[in-house]
Each structure stands twice: as structure tokens, then as C-alpha cells.
Amino acid sequence: GLCCFFWSSSWGVSAEDPPPAISTQDSWGEFWMVRFFLNIAGYGTVLIPGYILIQYFKRNNYLETGRGICFPVIKSCVFGHESKSLAPDEPSSSARVDGDPSTTQQALKLLFCAAGLQISYLTWGVLQERVMTRTYTGSEPGSPGEKFRDSQFLVFMNRILALTVAGIYCALTKQPRHGAPMYKYSFASLSNILSSWCQYEALKFISFPTQVLAKASKVIPVMLMGKLVSHKSYEYWEYFTAVLISIGVSMFLLSNGGDSRPSGVTTFSGVVILSGYIVFDSFTSNWQDSLFKYKMSSVQMMFGVTLFSCLFTVFSLLEQGGLQEAIRFMTRHPDFAFHAALLSVCSAFGQLFIFYTINKFGAAVFTIIMTLRQALAILLSCLLYGHPVTPIGSVGVAVVFLALFLRVYARSRMKRKGRKAADIVAVQKV
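- An unreviewed UniProt entry annotates the protein as Adenosine 3'-phospho 5'-phosphosulfate transporter 1 of Staurois parvus.
- Under the Subcellular location (unreviewed entry) heading, UniProt states for the protein: "Membrane".
- What UniProt records for the protein under Sequence similarities (unreviewed entry) is the sentence "Belongs to the nucleotide-sugar transporter family. SLC35B subfamily."

This is the structure in C-alpha cells:
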């Protein structure tokens, strides 16, 4: 209760004052679909010349004929070290423990990871909803309030800080020799910034709890993308839990579709944008999986993807005038500047907590922590922003999280069986 009071008082959150409906856009330039294509056009000013240059260097056999001071840079960006992908499998970087630390040390590390993830992403979620759905009042008495509209600027803020953090981390720690052609990061980067843009933009039309549940249901398109992009196969329990998740999400959405719903909470545009988020995010994760064949670390992946994300977004913002307008908005509303900066800090350091947790405790423990975080995020959003949830909607939420925990349990059982089988084979060989 004290935490909610602090957030409400310090960030201007009012559960009794829901955001006004977004019925029509002020102009064509504010319409989300126009913004989306303008962003794509901005990214094209980087992608198209880059594609032409890459094809030029490949056609002219630059590796054999190239010389000069630019040769190492061009080689790294266009060709990389292809032999790296053929290197024998290295020991897994996800070794859970170094040596044999005590149970107390392990418990403290787990507590540290859980607290870091919860604080980073719960704060990030509350701030995300505050920035995209609430009005910022002017510093002068009587001045009209205004909302911040440019989701792309928030994506840029998140990525520029994440790039800085990842770059410092790579410089201070020992990393594997980089092998991937740098341009290959651009595909994951493009889908990543589009998914992030959709995530912010969707909050103009749907509630945060709806967004969280829809993000949980991305298991389904991730599996579809896995079949299409990576030709993966899945177990029966993965299909079963995916169906459970879709049922739970449907129960929540349909139960909150009545006339008692606050105006503007759920719209067709919001569903379309959120669907775009799920599709783009599914592609990102599968493309990143394919890049890991180069034996890179997770932080190197973070650096490569955010590097291109910064290039794409800064060019698009400059062309549309969004960067200048966002800076002017910051000067008019210092609260927004603080919120945007804190949003970026939580996003960047949350990524580092993700890598550290998976490295020390594995993906199953990490998934449990983040699933709990999603449940807490829904509860916190309902408390701070007054989102109504019907009894049927509550059952739907419970079904979604039950399915998520079933996935974690089934996956851990499968891994244990795999390890036992490997041990039996090893004994037979001896």
C-alpha cells in the first residue's frame, strides 16, 4: 500500500481520473498507421543504401581485392568471420554455479536477481503506462496539459542507454571473439524496434493488463515462427499450454468488453497494433537464436542489435522532426524528462539482470521470476490506474499464468530426463 501511494503521489497517477478516450486523431500525421509507415520510410534511408553497399562489396569479391584503412571495418560489417560458425561447440555459458558455493550464497544471489528483475520491470511497466496514457500539465498555472505522442522517441531513449551499458560491459569484461557479419544484426534490430514501437503505441488504445496478457500469448506466434524460420518441432504439452493461454486471454478480453468498460480502453486499432508487436517480437527471438551459431555472448548480441536500433531510430526521428519536438516537450515538462530517463535506465539494467539470472540459475528459474512479474504488473496497474477486472476476467488471468507455470514445469522435467539419459549413455560408454 505504501509503495502504491508513493508511486501515485510522485508520478501523478490517479485511479479516479482515467485517461480520456482517443476517438479520432488530431491530424493524419497523428494517425498510428501513418506514423508506422513514416517510421518504415525513415528506416529505409539506412537500410536501402546499406543493402546496396553490401551487395556491391560481395559482387566485387572485396575480401580478395580490398585494401586500406577501411578494410577491417568493411570486413567486419559485411563478411564477419564466417569460420566462427563452424567452431566446435563450446561449454555452455549457462553453467549455473562456479565451484560449490554455499546454499546461503546461492539464496542471496537468487534474491538479488529476483529483486533486480522485479524492481526494474515493475517500475518500467508503471512508467510506460504513465508516459503513454496520462497528461502532463504545464509548469505555468492554468496552462493546458498535453500527452506525449511519439512512441519512437521512447524506443530511441531505451536503445541509446542500452547501447551504452552493453558497450561498457563488453569493454570491461572478456568476451568471445566476434564472428557475425554486423549487418545481420539489422534484421533483428528492425523487428525489435517495430515491436517496441507497437508496444508503446498500443497503450494509447488498450489497457496495460490487456497488453501484459497479450504478450503472454505470444507463445503461439513464437512457435509458428519457430516452425517457419528455424524449422523447429514442439512437444504435445507445448501445444496444450499454448491453447490454454489463448483461452485465458480470450476470457479476459471478452469479459472486459461490456459497456461498463472505460471508454477508449480496448479498440480495434489496439488489437491490430498489439498483433503487430507479437509478430515482430516472435521474429526477433527466432532470428537472434539463429545468430547465436556464431558463439557470441548475450551482451554482444545486445550491443549489435541496439547499435542498429539507434541508427534506424535517430535517422527516422531527425527526418520527421520528432527528436526536436521531443526535446521541446522535455523542456515544457521536466517530469516527462525524468520519466523517460528512468524508463531507459530500467530497460537497460533489466536486460543485464536477465543475462545474469539465466547465466547463474538457468532459463526455468528466470521464466518463473518473470511470470510472477507479469502477474504483479497486472495487479499494480489495476491498483494504480483503476482498471476494472470482472470475475470471469480474473479466471482468465489465472488460466494464463497456470499455463505459463505448466510450461516451466514440463520443460524442466524434459531437461531432467534428457540429463539422465545422457548419464546412462556415458556410463555405458565407459
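1. Here we look at the overall build of the protein
So, step 1. Per the secondary structure count, the protein includes 15 helices and zero strands.
So, step 2. Every one of the 430 residues in the protein was classed for burial, and the buried ones make up 45%.
So, step 3. Across the protein, every contact between residues at least 6 apart in sequence was considered, and the portion connecting residues at least 24 apart equals 86%.
So, step 4. Carbon and sulfur atoms make up 68% of the accessible area of the protein, which totals about 22,100 Å².

2. Details of unusual backbone geometry
So, step 1. Of note, the phi angle at Asn61 is positive, near 50 degrees, even though the residue is not glycine.
So, step 2. Examined against the element boundaries, Asn61 turns out to sit in the loop between helix H2 (32-59) and helix H3 (62-65).
So, step 3. Relative accessible area serves as the criterion here: at 42%, Asn61 is assigned to the partly exposed category.
So, step 4. Not every positive phi belongs to a glycine, and Lys295 is a case in point at roughly 60 degrees.
So, step 5. Positionally, Lys295 belongs in the loop between helix H11 (268-291) and helix H12 (298-320).

3. Quick look at the packing of helix H7 (residues 185-202) against H11
So, step 1. Interhelical geometry of H7 versus H11 gives an angle of 155 degrees and a closest axis separation of 8 Å. Judged on the interaxial angle alone, H11 and H7 are roughly antiparallel. Of the two elements, H7 crosses H11, and the hand of that crossing is left-handed. Packed against H7, whose contacting residues are Tyr185, Phe187, Ala188, Ser191, Asn192, Leu194, Ser195, Cys198, Gln199, Glu201 and Ala202, the element H11 presents Gly270, Ile273, Leu274, Gly276, Tyr277, Phe280, Asp281, Phe283, Thr284, Trp287, Gln288 and Leu291 at the interface.
So, step 2. Here the residues of the contact of H7 with H11 sort into 13 nonpolar, eight polar and two charged.

Rules behind the numbers
- Residues numbered from 1 in each chain as written.
- Predicted model: local features only at pLDDT ≥ 70, side-chain atom pairs only at ≥ 80, totals over all residues.
- Heavy atoms only, no water.
- UniProt positions renumbered as here; feature names shortened; annotations may be inferred.
- Helix = DSSP H or I, 4+ residues; strand = E, 2+ residues; numbered from the N terminus.
- Buried < 20%, exposed > 50% of the residue type's maximum accessible area, 1.4 Å probe, protein only.
- Contact = heavy atoms within 4.5 Å.
- Areas by Shrake-Rupley, 256 points an atom, 1.4 Å probe, with all protein chains shown as cover.
- Axes fitted to C-alpha atoms, helices over the stretch in contact; angles between N-to-C directions.
- Parallel < 35°, antiparallel > 145°, perpendicular 65-115°, else oblique.
- Left-handed = near helix turned anticlockwise from the far one by under 90°.
- Nonpolar A, V, L, I, M, F, W, Y, C, P; charged D, E, K, R; others polar.

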